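# Examination of the molecular architecture
Residues per chain, in single letters:
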Amino acid sequence: HLYNKVSEVQNFIRLHGVHIMGLAETWLTADISDGELDIPGFTLFRKDRSVGSGGGVAIYCEQSLASKRRTDLETDNLEVVCLEIVASKACHLLGCLYRPPSKPIQYWSMLESALTKAHEGQQVSTTLMGDSNVNIADPHHPQLAHFIDNCDMFDFTNYIQEPTRITNQHSCTLDLIL
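Throughout what follows, the structure given in this document is the object of discussion. Fair warning: this is a prediction, and the values are worked out from it, not measured in the lab.

## Comments concerning the overall build of the chain
- Looking only at helices and strands, the chain has three helices and ten strands in total.
- Taken from N to C terminus, the helices and strands of the chain fall in the order α-β-β-β-β-β-β-α-β-α-β-β-β.
- In terms of C-alpha radius of gyration, the chain reaches 16 Å, essentially the compact-globule figure of 16 Å for 178 residues.
- With respect to the principal axes defined by its C-alpha atoms, the chain has extents near 45 × 45 × 35 Å.
- In the chain, which comprises 178 residues, the proportion classed as buried is 43%.
- Contacts spanning at least 24 positions in sequence make up 57% of the contacts within the chain whose residues lie at least 6 apart.
- As displayed, the chain offers around 9,800 Å² of accessible surface, 52% of which is attributable to carbon and sulfur atoms.

## Remarks on the pattern of salt bridges
- Enumeration over the complete set of coordinates arrives at seven salt bridges.
- A salt bridge links Glu79 to Arg49; the nearest nitrogen and oxygen atoms lie 2.8 Å apart. Here Glu79, found in strand E5 (residues 79–87), pairs with Arg49, found in the loop between strand E2 (42–47) and strand E3 (57–62); they are 30 residues apart in sequence, far enough to count as distant.
- With relative accessibility at 23%, the residue Arg49 sits in the partly exposed group.
- For Asp72, the salt bridge goes to Arg70, with nearest N and O atoms at 2.9 Å.
- Using a relative accessible area of 37% as the deciding quantity, one classes Asp72 as partly exposed.

## Observations regarding the nonpolar core
- Counting residues in hydrophobic clusters, the biggest one holds 23 residues, and the most contacted among them are Leu111, Leu128, Phe147, Phe156 and Leu178.
- Broken down by secondary-structure element, the contributors of at least two residues to this core are E5, strand E6 (90–98), helix H2 (106–119) and helix H3 (144–153).
- Considering each element in turn, this core owes the most residues, six residues, to H2.
- The next biggest cluster of nonpolar side chains, apart from the first, holds 15 residues, and it includes Leu2, Ile13, Leu23 and Leu28.

## Topic: the sheet that holds E2
- Read across the sheet, three strands follow the order E1-E3-E2 without closing on themselves; strand pairing throughout is antiparallel. Taken across any chain shown, the strands that pair with only one partner, and hence form the sheet edges, are strand E1 (20–24) and E2. If you compare each strand with its neighbour and ignore which way they point, the axes differ by 15° on average.
- Strand direction decides the pairing type here: E2 and E3, joined by six bridges, are antiparallel. The residue bridging Thr43 from the neighbouring strand is Cys61, located in E3.
- Across the sheet, helix H1 (residues 6–16) lies against E1, E2 and E3, angled at about 145° from E1, the strand it touches most.

## Structural notes on H2
- Compared with the 20 Å implied by 1.5 Å per residue over 14 residues, the 20 Å span of H2 between its first and last C-alpha is a close match.
- Listed in full, the buried residues belonging to H2 are Tyr107, Trp108, Leu111, Ala114, Leu115 and Ala118. Viewed end-on, H2 has its buried residues packed into an arc of 120°, placing them on one side of the element.
- In this structure, the buried side of H2 is in contact with E6, strand E7 (125–131) and H3.
- Once H2 ends, the next one or two residues include Gly121, with phi positive near 70°.

What counts, and at which threshold
Residues numbered from 1 in each chain as written. Predicted model: local features only at pLDDT ≥ 70, side-chain atom pairs only at ≥ 80, totals over all residues. Heavy atoms only, no water. Helix = DSSP H or I, 4+ residues; strand = E, 2+ residues; numbered from the N terminus. Rg over C-alpha atoms; globule rule 2.2 N^0.38 Å. Buried < 20%, exposed > 50% of the residue type's maximum accessible area, 1.4 Å probe, protein only. Contact = heavy atoms within 4.5 Å. Areas by Shrake-Rupley, 256 points an atom, 1.4 Å probe, with all protein chains shown as cover. Salt bridge = Lys/Arg side-chain N within 4 Å of Asp/Glu carboxyl O. Core = buried A, V, L, I, M, F, W, Y, C linked by side-chain atoms within 4.5 Å. Pairing = 2+ DSSP bridges. Axes fitted to C-alpha atoms, helices over the stretch in contact; angles between N-to-C directions. Expected span 1.5 Å × (residues − 1). Arc of directions from axis to C-beta.

The following block contains the structure:
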């Protein structure tokens, strides 16, 4: 729940010199204003879940970076917030996503469509981060093949190599930075 952790996020950003931070499962709702989530020197871009509770994604982007929201790449069926950042005349697309565990396999084709649209007619580097709810360390995960197909199609490599969820019973790698 981001609302209760803004000061922790701010401290992390300051301590580690973070310029951009993506957050999944923010649990934000329309009755929480951006002002209540303000971190000085950063712009908040957020997409709250439209139906039901939970979910949601957000990106804090340092105001010194030339960034704009790409709502044309966002749909009601994808919990993703997309930014375009221009630096040194190069365009970079950044997306933060959350895929609920209950989302069907069609999720991956919707993500593919958004990424294809982002790359039409322009040379753009792309980074995706967030919670895929696909355990990439489990070769038998039912949606792993679709996840890998998307990674191969857009030449993504996951930079997260260690488990991101650890319990007493097991560990898994659900979070990603592509």
